[in-house]
Amino acid sequence: MSNQYFSIAALLCILLLLIVFFSKKKIESIETKIYGAMIISSFIDVILVIFEVSFGYMNLEQIPYWLLRISNKIDMIYYIAWPTFMFLYMFYITYKDEKKYIKAKKICVITDIILIIIEFLLPINIINDNGAMGVDGMATDFVLGIATIYFIAVFIIQMINLKKIKINKCIPYITLIAFMILAIYLRSISPTLIVIPAIMVYIDLIMFFTIENPDVKMLTQVEMAKANAERANNAKSDFLSSMSHEIRTPLNAIVGLSEDIESFKDQVPEQVVEDTEDIRSASQTLLEIVGNILDINKIESQKMEIITETYNPRETFEKLARINFPEATIISKKDMQGRDRMIFVTPNLH
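Owing to the predicted nature of the structure, the values given are computational and were not obtained by experimental measurement. Throughout, residues of each chain are indexed from 1 in the direction in which the sequence is written. The predicted origin of the model limits local features to residues at a pLDDT of at least 70 and limits the giving and counting of side-chain atom pairs to 80 or more, whereas totals for whole chains, interfaces and linings rest on all residues. Hydrogens and water are ignored here; the side-chain numbers use all heavy atoms of the structure.

A. Seen up close, the packing of aromatic side chains. Working definition: a ring pair exists when centres of Phe, Tyr or Trp rings (six-membered ring for Trp) sit within 6.5 Å. Plane angles under 30 degrees give stacked, over 60 give edge-to-face, the rest tilted. Counted under the stated rule, the structure contains 9 aromatic pairs. Taking the centre distance of 6.0 Å and the plane angle of 35° together, the rings of Phe-87 and Phe-91 count as tilted. With Phe-87 and Phe-91 both in helix H3 (residues 65-95) and 4 residues apart, the pair spans about one turn of that helix. Between Phe-87 and Tyr-150, the aromatic rings sit 5.9 Å apart at their centres with planes inclined by 50°, giving tilted as the arrangement. Taken as a pair, Phe-87 in helix H3 and Tyr-150 in helix H5 (residues 138-160) lie far apart in primary sequence, 63 residues in all. With relative accessibility at 13%, the residue Phe-87 sits in the buried group. In textbook terms, an aromatic cluster arises when at least three aromatic residues are bridged by ring pairs, as seen for Phe-21, Phe-22, Tyr-35, Phe-208 and Phe-209. Helix and strand assignments follow DSSP, with helices taken as H or I runs no shorter than four residues and strands as E runs no shorter than two, numbered in order from the N terminus. The classification of residues rests on relative accessible area computed with a 1.4 Å probe and restricted to protein chains. Under 20% of the type maximum is buried, over 50% is exposed, and intermediate values are partly exposed.

Shown next, in the form of structure tokens:
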């Protein structure tokens, strides 16, 4: 009867864990994918154990032996898969290298396929101890040996990279080793006592609180992205401000020299005076543009004020025409009445 208690408690726990883990929004990382595979594996294993334990309380003579044998063989697949997931999980969180993880995953998949085939070929015995069903035999010993090898591999990885692993990441593995020693001891006393699925579920539960919380991780990444965007924006603003100041310095010199030349307008040709006025006007326009660039912080903080001011559009257009006049090409063309018309063609200014 104790087997049923263990299995039902494990089922309720793993169901709750599945709902909580898969219902929450999370970032799909290798770590969360491996953990998701682990809890799915534990859930299937617990279902199979409940199926087997329920039959154990019935008359075994009325149940096809092949059905129980296949059920236990399938169950043992998860005793190979779960330690594999544990190994891959610890391997990834230790090295944080996706390429190494992919190589290790391929090796584990090929190895597990071979091990499962061997496990299916090995004999297994169904034990009936006063209505309590259990299993033993070469297949059972083989699977427990494989699980032990995986756990030893995890221990070696942890010892080699002890400084890289966070202490909380080691808690599930340490707890697992303690419970596995207890399970081996209990099995030596009572071969029909099935506690390994419950242990697997309990380790899954501990791991849920030691892996990076998917919600917190998502929030952290959003905050990091926001901080990076703000840094980039500040760098852009600083660059524009610095560039604007650098441009303003030579422009002020151009405006000053232009005004100085205008003071000698009685001593220089009229064309020079006009060109100087155009230079000064263009420089002042450019200074206004540079001033607007310097106000970029106000624009980004939505504190930019628009000042309404009257102006003379004709004067503005005349200034633009004078500025672009040197780049214009004059073309003579006759109109429909045969009269000459002067056309100003300005090149595209991009």
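Still more to cover.
B. Structural context of the packing of helix H4 (residues 98-121) against H5. Every angle, taken between N-to-C directions, lies between 0 and 180 degrees, and every axis is a line fitted to C-alpha atoms, over only the stretch in contact when it is a helix. Axis separation between H4 and H5 bottoms out at 10 Å; the angle between their running directions is 160°. Relative to H5, the element H4 lies roughly antiparallel. For the pair H4 and H5, the crossing hand works out as right-handed. Where H4 approaches H5, its residues Cys-108, Asp-112, Leu-115, Ile-118 and Glu-119 are matched on the opposing element by Ala-139, Phe-142, Val-143, Ile-146 and Tyr-150. Between 65 and 115 degrees an angle is taken as roughly perpendicular, under 35 as roughly parallel, over 145 as roughly antiparallel, and anywhere else as oblique. If you view the pair so one helix is near and one far, a crossing is left-handed when the near helix is turned anticlockwise from the far one by less than a right angle, and right-handed when it is turned clockwise. Contacts are assigned to residue pairs with any non-hydrogen atoms lying within 4.5 Å of each other.

C. Highlighting the pattern of salt bridges. A pairing counts as a salt bridge when a side-chain nitrogen of Lys or Arg comes within 4 Å of a carboxyl oxygen of Asp or Glu. For the coordinates displayed, the defined rule picks out 1 salt bridge. Linking Glu-31 and Lys-96 is a salt bridge whose minimum nitrogen-to-oxygen distance equals 3.9 Å. Here Glu-31, found in helix H2 (residues 30-56), pairs with Lys-96, found in the loop between H3 and H4; they are 65 residues apart in sequence, far enough to count as distant. Judged by its relative accessible area of 3%, Glu-31 is buried.

D. Quick peek at a positive patch on the surface. Excluding any residue in a salt bridge, patches collect residues exceeding 30% relative accessible area, merging like charges within 9 Å and nonpolar Val, Leu, Ile, Met, Phe, Trp and Tyr side chains within 5 Å. For accessible areas, the Shrake-Rupley method is used with a probe of radius 1.4 Å. Any residue's cover is judged against the shown protein chains and nothing else. Residues counted as positive are Lys and Arg, residues counted as negative are Asp and Glu, and His and the chain ends are not counted. Every charge is mapped to an atom, namely NZ of Lys, CZ of Arg, CG of Asp or CD of Glu. Where like charges cluster on the molecular surface, the positive patch consists of Lys-99, Lys-100, Lys-103 and Lys-164. Mapped onto the elements, Lys-100 comes out in helix H4.

E. Molecular detail of a nonpolar patch on the surface. Together, Ile-152, Phe-155, Ile-156, Met-159, Ile-160 and Leu-162 make up an exposed nonpolar region whose accessible area comes to about 590 Å². Tracing the chain through its elements places Ile-156 in helix H5.

F. Seen up close, empty space enclosed by the protein. We place a 1 Å grid over just the protein atoms. Points where a 1.4 Å probe fits but has no way out form a cavity, open points with protein on both sides within 12 Å along at least 5 of 7 lines form a pocket, and any residue with an atom within 4 Å of a point lines it. Grid points are joined across faces, edges and corners, and a volume is the space filled by probe spheres set on the points. Going through the model one piece at a time under the given rule, you end up with 3 cavities of 30 Å³ or more. Considered as a void within the structure, the second largest cavity measures approximately 90 Å³ in volume. Considering the residues around the second largest cavity, the lining is formed by Tyr-78, Tyr-79, Trp-82, Pro-83, Val-143, Leu-144, Ala-147, Phe-151, Leu-176, Met-180, Ile-196 and Met-200. Those elements that place two or more of their residues in the lining of the second largest cavity are H3, H5, helix H6 (167-189) and helix H7 (196-210). For the lining of the second largest cavity, the per-class residue count stands at 12 nonpolar, no polar and no charged. Side-chain classes follow a simple rule in which Ala, Val, Leu, Ile, Met, Phe, Trp, Tyr, Cys and Pro form the nonpolar group, Asp, Glu, Lys and Arg form the charged group, and the remainder, Gly included, forms the polar group.

G. The arrangement of the side chain of Asn-161 in detail. Here Asn-161 shows up in the loop between H5 and H6. Distance and chemistry together define a polar contact, namely a pair of N or O atoms within 3.5 Å, with one atom able to donate a hydrogen and the other to accept it when in protein, and with adjacent residues in sequence counting only for side-chain atoms on both sides. Here Ile-157 takes part through its backbone oxygen, which lies 3.0 Å from a polar atom of the side chain of Asn-161. Dropping the residues within four chain positions of it, Asn-161 is found in contact with Thr-94 and Tyr-95.

H. Layout of the packing of H5 against H6. The N-to-C vectors of H5 and H6 enclose an angle of 150°; their axes lie 12 Å apart at closest approach. With respect to H6, the element H5 is oriented roughly antiparallel. Of the two elements, H5 crosses H6, and the hand of that crossing is left-handed. Contacts between H5 and H6 involve Thr-140, Leu-144, Phe-151, Ile-152, Val-154, Phe-155 and Gln-158 on the former and, on the latter, Cys-170, Tyr-173, Leu-176, Ile-177, Met-180 and Arg-187.

I. Up close: the nonpolar core. Residues belong to one nonpolar core when they are buried, are Ala, Val, Leu, Ile, Met, Phe, Trp, Tyr or Cys, and are joined through side-chain atoms within 4.5 Å. Core analysis: the largest hydrophobic core is formed by 58 residues, its most contacted members being Tyr-35, Trp-82, Met-86, Phe-87, Phe-151, Leu-176 and Ile-203. For this core, the elements supplying multiple residues, two or more each, are helix H1 (2-23), H2, H3, H4, H5, H6 and H7. With 13 residues, the top contributor of residues to this core is H3. Residues contacting Trp-82, with those up to four places away along its chain left out, are Met-38, Ser-41, Ser-42, Phe-151, Leu-176, Met-200, Ile-203 and Asp-204.

J. Geometry of H4. To estimate the expected span of a helix, subtract one from its residue number and multiply by 1.5 Å. In a regular helix each residue adds 1.5 Å, so 24 residues correspond to 34 Å; H4 covers 35 Å between its end C-alpha atoms and thus fits that length. Inspection of H4 places Tyr-101, Ala-104, Cys-108, Asp-112, Leu-115 and Glu-119 among the buried residues, and these make up the whole buried set. Taking the backbone nitrogen of Lys-99 as reference, a side-chain oxygen 3.0 Å away marks Asp-97 as the first, capping residue of H4.

K. Structural detail: H7. Between its first and last C-alpha, H7 extends 21 Å over 15 residues, near the 21 Å set by a 1.5 Å rise per residue. With 11 of 15 residues buried, H7 lies mostly within the body of the structure. Buried residues of H7: Ile-196, Pro-197, Ile-199, Met-200, Val-201, Ile-203, Asp-204, Ile-206, Met-207, Phe-208 and Thr-210, and no others.

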